[in-house]
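For reference, the chains in residue letters:
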Amino acid sequence: NMETGFTGKDVYEEEFDPWSYLQTHYNPKSGILVKEGFLTFTLKKFHETFSVHGVKGKTLIDVGHGPTIYQDLSACESFEEIIGADYTDRNREYYEKTLRNEPGIFDWTSVIQAVCDLEGKGTTVEEKREKLKKTVKKTIKCDVTRSNPVAPLVLPKADCVMAILCLEGACKDLDSYCNALNNISSLLKVGEHLIIVEVLNCTTYLFGGKRFSCLTLNGEFMRSAITNTGYAIIDLEVFPRKYDEEQYKISDHDSTIFILACKLRDI
């Protein structure tokens, strides 16, 4: 039985270890999100979002970025600035170290190369790193459970907000999830774009010897939650995961959902 109590923000602040998380999920050879195809799928969807769908603008806010940067690699070509936003100090610090490509941090080279290949412009890994570092202006404290998640700051409304594998870890039930969606929507201009990626039907995930809770979501709920928050869905794709007993012990999700939506109104 994988049951675990809700692991709230204090647990993340105290126990979320960026390095263990990255090794378990994103290690190029053994990472579960690499082996199951999650990473290839999301990189392709980000590329489609910014090139095919032409999502672009001045400012993108990356909510709950954790210690990863792969979600910003395509975005940094289409936005003048990216503002990172995360709850834990440790993740924000790790994100900044990664942008500076400090020695000893997790190596994203193969992922950066994959994005350069998708874009097909002959950009080198070094050029892409430089572009990313120039575009990400800062990372700020963010709590998606607050009506203004970046309080006490008040930011100008952004042209794109994304939350990748964030809200399902931060919310204890479906009502809280809908509230958090509305909270992050307050950061976005009407007429502009929201990008959400979550894993579906997950209860917990494990790394560094610690189990974290995950809100169990399904596609139908996601569609209605986003629509009810005042959005039109532009692209929604579910990527199924192959069953693997060992990998399911680490995280028991059965698929990944990618959603691109346009904000029609404030609710």
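Note that the structure is a prediction, hence the values are computed from the model and not measured.

Some words on unusual backbone geometry
Thinking step 1. Along the chain, A151 connects to P152 via a cis peptide bond; the corresponding omega equals 10 degrees.
Thinking step 2. Looking at the element boundaries, P152 is found in the loop between strand 3 (136-141) and strand 4 (158-164).
Thinking step 3. Here N101, not a glycine, exhibits a phi torsion of approximately 55 degrees, which is positive.
Thinking step 4. Tracing the sequence through the fold places N101 in the loop between helix 5 (89-99) and helix 6 (109-119).
Thinking step 5. The partly exposed category is assigned to N101, whose relative accessible area is 38%.
Thinking step 6. Although it is not a glycine, N201 sits at a positive phi angle of roughly 55 degrees.
Thinking step 7. Examined against the element boundaries, N201 turns out to sit in the loop between strand 5 (188-200) and strand 6 (204-207).
Thinking step 8. The class of N201 is partly exposed, set by a relative accessible area of 33%.

Considering the environment of T123
Thinking step 1. By the secondary structure assignment, T123 is in the loop between helix 6 and helix 7 (125-135).
Thinking step 2. For the pair T123 and G57, spaced 66 residues apart in sequence, the C-alpha separation works out to 21 Å.

Some points on the pairing of strand 2 (residues 79-86)
Thinking step 1. Where burial is concerned, most of strand 2 is hidden: seven out of the eight residues are buried.
Thinking step 2. Where strand 1 (residues 57-63) and strand 2 come together, six bridges link them in parallel fashion. Pairing of G57 across the sheet is with F79, part of strand 2.
Thinking step 3. Bridge count for strand 2 against strand 3 is five bridges, and the pairing is parallel. If you follow G84 over to strand 3, its bridge partner there is T139.

Notes on the pairing of strand 6
The side chains of a regular strand alternate, residue by residue, between the two faces of the sheet.
Thinking step 1. The sheet contact formed by strand 6 and strand 7 (residues 210-213) spans four bridges and is antiparallel. Bridging across to strand 7, F207 finds its partner in K210.
Thinking step 2. The turn joining strand 6 and strand 7, which pair antiparallel and follow one another in sequence, is formed by two residues; a positive phi near 55 degrees is taken by G208.

Observations regarding helix 2 (residues 18-26)
Thinking step 1. Summarising burial for helix 2: seven of the nine residues are buried, a large majority.
Thinking step 2. When we look at burial in helix 2, the residues that qualify are P18, S20, Y21, L22, T24, H25 and Y26.
Thinking step 3. Buried positions along helix 2 lie against helix 3 (32-35), helix 4 (38-52), helix 5, strand 6 and helix 11 (245-250).

Observations concerning the packing of helix 6 against helix 7
Thinking step 1. Running from N to C, helix 6 and helix 7 cross one another at 95 degrees; their axes reach a closest spacing of 9 Å. Taken as axis vectors, helix 6 and helix 7 run roughly perpendicular relative to one another. Residues T109, I112, Q113, V115, C116 and E119 of helix 6 touch helix 7, and the partners they reach there are V125, K128 and R129.
Thinking step 2. For the contact of helix 6 with helix 7, the residue count by class is four nonpolar, two polar and three charged.

Section: the UniProt feature "binding site: S-adenosyl-L-methionine" (unreviewed entry) in the protein
Thinking step 1. UniProt feature "binding site: S-adenosyl-L-methionine" (unreviewed entry): in the numbering of this structure it lies at Y21, Y26, Y70, D86, N91, D143 and V144. In terms of the greatest pairwise C-alpha distance, the residues named above, spread along 124 residues, do not form a single cluster, extending to 24.5 Å across.
Thinking step 2. The buried category is assigned to Y26, whose relative accessible area is 2%.
Thinking step 3. With sequence-adjacent residues up to four places away left out, Y26 is seen in contact with Y21, G31, L33, V34, F38, L39, T68, Y70, F106, W108 and L165.
Thinking step 4. Assignment of secondary structure puts D86 in strand 2.
Thinking step 5. Judged by its relative accessible area of 5%, D86 falls in the buried class.

Parameters at a glance
Residues numbered from 1 in each chain as written. Predicted model: local features only at pLDDT ≥ 70, side-chain atom pairs only at ≥ 80, totals over all residues. Heavy atoms only, no water. Helix = DSSP H or I, 4+ residues; strand = E, 2+ residues; numbered from the N terminus. Buried < 20%, exposed > 50% of the residue type's maximum accessible area, 1.4 Å probe, protein only. Pairing = 2+ DSSP bridges. Contact = heavy atoms within 4.5 Å. Axes fitted to C-alpha atoms, helices over the stretch in contact; angles between N-to-C directions. Parallel < 35°, antiparallel > 145°, perpendicular 65-115°, else oblique. Nonpolar A, V, L, I, M, F, W, Y, C, P; charged D, E, K, R; others polar. UniProt positions renumbered as here; feature names shortened; annotations may be inferred.

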